[in-house]
Amino acid sequence: MSHAILSPSGASRWLNCTPSACLEQQFPDSSGEAAKEGTLAHWLGETLLKNHLGLLTNIEANETIERIESDPRYTADMMDHASGYAAFVMENFEAAKKVTKDAVIQIEAQLNLTDYVPEGFGTGDAVIIADGNMGIIDLKYGKGVMVSCENNKQMMLYALGALREYDYMYDIQNVRMWIYQPRMDNISSFEMSVADLQAWAENELKPLAQLAFDGLGEFKVGDHCRFCRAKAQCKANANENLKLARYDFAESVLLTDTEISDILERASAFKTWLTSIEEMALTEAVDNGKQWPGFKLVEGRSNRIYSDEDKVAKELVKNGFNEDQIYTKKILGITAMEKAITKKTFESLLGELIIKPQGKPTLVPVSDKRTAWNSTESAKNDFSNN
Ligand code: SF4
């Protein structure tokens, strides 16, 4: 299936910055590996669910799982996460059946969004319908950014698509949405009345989607730029970031506290923007031979490596060195160990042997959810521990 210009996954971006949808089309999608890994995890989750629901026999499910396991992106962790997702969906389906005996569930439901979004379509991972209520669950396999379901535009679009499919059969009044993001231990939910959802769709979504589809509207910079394919070349994004360089400093020799706070506030977005330009320029130079004025492509520094570790070891043993001299033995790190023995086994065998040392002090905006670091308290603790 081709990719919609106004894809639900990009909705928070194109609703905020309507011209981004058309502008993005000229840039390649660089989500490659992560997207393929996510697709594989979804396929596994879908297979497990269909097997639980009797839509796939054990033989069919096992054949599919074997194919999934033969993909180099597959890990034991993936099975844990997909099983957790399937169990979560089944739990909610069972709960719906307690309320409505003939509740129904759709897995990988194809959703038509064209009532509100030109050429819009999407896929609902799991849609549960019971009398008066509809539930939509979305599996997110990303581990970089925690995704909240609250007012999540992608989920609201899915809800509209699912309503279009099922509202004529079931008088749905209320929609509950869940994001299940196992690699961040995140389950987030959000509930909305159908009346509020439809009011948002008519008054906000529909006009903005049309603007976005036509490539019109104003460029608007914000958090949503992080996932925009145009972010490295977009002038609005550059102008916003370069405002820091044009900062109107007070007339003093040293930066004031307020000026430093202002710079800190912009530092993260500024670094992200600089990195996106460096990455884009390098990719263009390497992949497409692009010449950037004043720059050239050179070979980076590298360290010596053994061409064949087995041959190295054999040569040394042959010449009288023993294995203790030539090998080091090191236990796997925590993430690698979780991958090797699965998270569940890790928890049950090693849970009590894991400690979390105190983190280094970090400056974050006051809006951050973590409790403020108490340097006096910490110094007292250090003192009493000595
Ligand atoms: S980088 Fe930001 S401002 Fe520029 S097009 Fe993309 S979303 Fe819009």
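Asks: What should I look at first to understand the site of the ligand in this one?
Replies: The environment of the ligand is made up of 13 residues, and the closest members are C17, K220, C225, C228 and C234. Grouping the constituent residues of the shell around the ligand by class yields seven nonpolar, three polar and three charged. Summarising the domain contributions, the shell around the ligand has at least three residues from each of domain 1 (8–213) and domain 2 (223–288).

Asks: How should I be thinking about the sheet that holds strand β2 (residues 121–130) in this particular structure?
Replies: Each strand in a sheet pairs with another by means of backbone hydrogen bonds, the pair being arranged parallel or else antiparallel. Spatial strand order, β1-β2-β3-β4-β5: five strands in an open sheet with mixed pairing. Edge positions in the open sheet fall to β1 (104–112) and β5 (186–193), since each of these has one partner strand only. Averaged over all adjacent pairs, the angle separating strand axes in this sheet is 25 degrees, with direction ignored. Here β1 runs beside β2; their pairing, made up of eight bridges, is antiparallel. Along β2, the bridge assignment pairs Q106 with V127.

Asks: Teacher, can you tell me more about helix α4 (residues 58–69) here?
Replies: One turn of the α-helix equals 3.6 residues, which is why residues spaced by three or four share an orientation. Counted at 1.5 Å a residue, the expected span for α4 with its 12 residues is 16 Å, and the 16 Å between its end C-alpha atoms agrees. Among all positions of α4, only A61, T64, I65 and I68 are buried. Projection of α4 onto a plane perpendicular to its axis shows the buried side chains occupying an angular sector of 100 degrees, all on one side. Facing away from the buried surface of α4 by more than 90 degrees, the exposed residues are I59, E63, E66 and R67. Lining the buried residues of α4 we find α3 (32–52) and α5 (76–99).

Asks: Explain the packing of α3 against α4 to me, please; I cannot follow it from the model alone.
Replies: Each pair of packed helices can be summarised by the angle the axes make with each other and by the distance between the axes. In contact at an axis separation of 10 Å, α3 and α4 are set at 170 degrees when each is read in the N-to-C sense. With respect to α4, the element α3 is oriented roughly antiparallel. As α3 runs across α4, the sense of the crossing is left-handed. Seen from α3, the contacting residues are L40, W43, L44, T47, L48 and N51; seen from α4, they are N58, A61, T64, I65, R67 and I68.

Asks: For this particular structure, what's the right way to read a negative patch on the surface?
Replies: Together, E60, E63, E66 and E69 give the surface a local cluster of negative charge. Mapped onto the fold, E69 is located in helix α4.

Asks: Please explain unusual backbone geometry as it appears in this structure.
Replies: What you tend to see is this: most non-glycine residues have negative phi, and most peptide bonds are trans. A positive phi is found at N151, a non-glycine position, where the angle reads about 50 degrees. Examined against the element boundaries, N151 turns out to sit in the loop between β3 (133–139) and α6 (153–166). Using a relative accessible area of 38% as the deciding quantity, one classes N151 as partly exposed. A positive phi angle, close to 75 degrees, is found at T342, a residue other than glycine.

Asks: Could you clarify how one ought to interpret the packing of helix α12 (residues 334–341) against helix α13 (residues 343–350) in this entry?
Replies: Packing of α12 against α13 brings their axes to within 6 Å, and their N-to-C directions diverge by 110 degrees. By the criterion of interaxial angle, the relationship of α12 to α13 is roughly perpendicular. Across from I334, M337, E338 and I341 in α12, the residues of α13 making contact are K343, T345, F346 and L350. In the contact of α12 with α13, the residues fall into five nonpolar, one polar and two charged.

Asks: Help me out: how do you make sense of the pairing of β2 in this one?
Replies: If a strand is regular, its side chains alternate between the two faces of the sheet. Among the 10 residues of β2, eight are classified as buried, and the element is accordingly described as predominantly covered. Two strands pair when backbone bridges link them, and β2 and β3 are joined in this way by five bridges, in the antiparallel orientation. Bridging across to β3, I129 finds its partner in M134. Hairpin connection, β2 to β3: the antiparallel pair is bridged by two residues, and G132 has positive phi, about 80 degrees.

Parameters at a glance
As a convention, each chain's residues are numbered from 1 in the sequence order in which they are written. Restriction of local features to residues with pLDDT of at least 70 applies here, the model being predicted, together with a cutoff of 80 or more for giving and counting side-chain atom pairs; totals for whole chains, interfaces and linings are based on all residues. No hydrogens and no water enter the side-chain calculation; it runs on all heavy atoms of the structure. The rule for a residue being near a molecule or strand is that one of its heavy atoms must lie within 4 Å of it. Think of it as three bins: nonpolar holds Ala, Val, Leu, Ile, Met, Phe, Trp, Tyr, Cys and Pro, charged holds Asp, Glu, Lys and Arg, and polar takes everything else, Gly as well. Segment limits for the domains were obtained from an automatic or database-derived domain assignment. Strands are treated as partners if at least two bridges between them are detected by DSSP. Helix numbers and strand numbers start at the N terminus; a helix is a DSSP run of H or I with at least 4 residues, a strand a run of E with at least 2. Axis angles are defined between N-to-C directions and span 0 to 180 degrees, where every axis is a line fitted to C-alpha atoms and, for a helix, only to the segment in contact. Helix span, expected: 1.5 Å multiplied by one less than the number of residues in the helix. Accessible area is worked out with a 1.4 Å probe on protein chains only. A residue is then buried under 20% of its type maximum, exposed over 50%, and partly exposed in between. When we speak of the arc, we mean the arc of directions from the helix axis to the C-beta atoms. Any pair of residues with heavy atoms lying within 4.5 Å of one another is described as a contacting pair. The scheme is simple: roughly parallel for angles under 35 degrees, roughly antiparallel for over 145, roughly perpendicular for 65 to 115, oblique for anything else. With the far helix as reference, a near helix turned anticlockwise by less than a right angle produces a left-handed crossing, and one turned clockwise produces a right-handed crossing. Each patch is built from residues that are more than 30% exposed by relative accessible area and take part in no salt bridge. Like charges join if they lie within 9 Å; nonpolar side chains (Val, Leu, Ile, Met, Phe, Trp, Tyr) join within 5 Å. Residue burial considers only the protein chains on display, and all accessible areas are found by Shrake-Rupley using a 1.4 Å probe. The term salt bridge refers to a side-chain nitrogen of Lys or Arg lying within 4 Å of a carboxyl oxygen of Asp or Glu. Only four residue types enter the tally: Lys and Arg on the positive side, Asp and Glu on the negative side; His and the chain ends are excluded. In plain terms, the charge of a residue is placed at NZ if it is Lys, CZ if Arg, CG if Asp and CD if Glu.

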